[in-house]
Amino acid sequence: MTIAKLQQFLAVCQFQSVTRAAEFLHISQPSLSATIKKIEEQAGAPIFERKTRPVSLTPFGVAFIQGIEQVY
């Protein structure tokens, strides 16, 4: 996983929206969604609850971000 992908993940957490994070990062929303999907596949579990607006972290996502914050 690259630092760029982690920054994209953190932007979605910050904005609680894939669309707003994509605008902030100056990338397309489908590209960001694909990156998040790849991160979830690599992690082996869903990180975001997509049924809610704004998007929120799953319990796994909370643990995942805590691990990133310790390293990053």
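For the structure, see preceding data.
Residues numbered from 1 in each chain as written. Predicted model: local features only at pLDDT ≥ 70, side-chain atom pairs only at ≥ 80, totals over all residues. Heavy atoms only, no water.

Chemist: Explain the packing of helix α1 (residues 3-15) against helix α3 (residues 29-43) to me, please; I cannot follow it from the model alone.
Modeler: To characterise two packed helices, one gives the angle between the axes of the helices and the distance between these axes. Where α1 meets α3, the closest approach of the two axes is 10 Å, and the angle between their N-to-C directions is 105°. Classified by the angle between their axes, α1 and α3 sit roughly perpendicular to one another. On the side of α1, the interface is formed by K5, Q8, F9 and V12, while α3 contributes L32, T35, I36, K38 and I39. (Axes fitted to C-alpha atoms, helices over the stretch in contact; angles between N-to-C directions. Helix = DSSP H or I, 4+ residues; strand = E, 2+ residues; numbered from the N terminus. Parallel < 35°, antiparallel > 145°, perpendicular 65-115°, else oblique. Contact = heavy atoms within 4.5 Å.)

Chemist: Would you explain unusual backbone geometry in this entry?
Modeler: Peptide bonds are, in most cases, trans, and in most cases residues other than glycine have a negative phi. Positive phi values are uncommon outside glycine, yet Q16 reaches one of about 55°. In this structure, Q16 sits in the loop between α1 and α2 (18-25). Relative accessible area serves as the criterion here: at 40%, Q16 is assigned to the partly exposed category. Its identity is not glycine, yet H26 carries a phi of approximately 60°, on the positive side. In this fold, H26 is placed in the loop between α2 and α3. Looking at H26, the relative accessible area reads 72%, which means it is exposed. (Buried < 20%, exposed > 50% of the residue type's maximum accessible area, 1.4 Å probe, protein only.)

Chemist: I keep staring at the packing of α1 against helix α4 (residues 59-71) and nothing clicks. Help me out?
Modeler: In contact at an axis separation of 12 Å, α1 and α4 are set at 125° when each is read in the N-to-C sense. Between α1 and α4, the interaxial angle falls into the category oblique. Here α1 and α4 pass one another in a crossing that is left-handed. On α4, the residues that touch L6, F9, L10 and C13 of α1 are F64, I65 and I68. (Left-handed = near helix turned anticlockwise from the far one by under 90°.)

Chemist: Explain the nonpolar core to me, please; I cannot follow it from the model alone.
Modeler: The nonpolar side chains of a soluble globular protein tend to be buried, and buried together. Counting 17 residues, the largest nonpolar core has F9, V12, L32, I36 and F48 as the members making the most contacts within it. Residue assignment for this core shows that the elements contributing at least two residues are α1, α2, α3 and α4. By residue number, the principal contributor to this core is α1, which donates five residues. F48 has contacts with F9, V12, C13, I36, E40, V55, S56, L57 and T58, leaving out every residue within four places of it along the chain. (Core = buried A, V, L, I, M, F, W, Y, C linked by side-chain atoms within 4.5 Å.)

Don't take any of this as a statement about function, it's just geometry.
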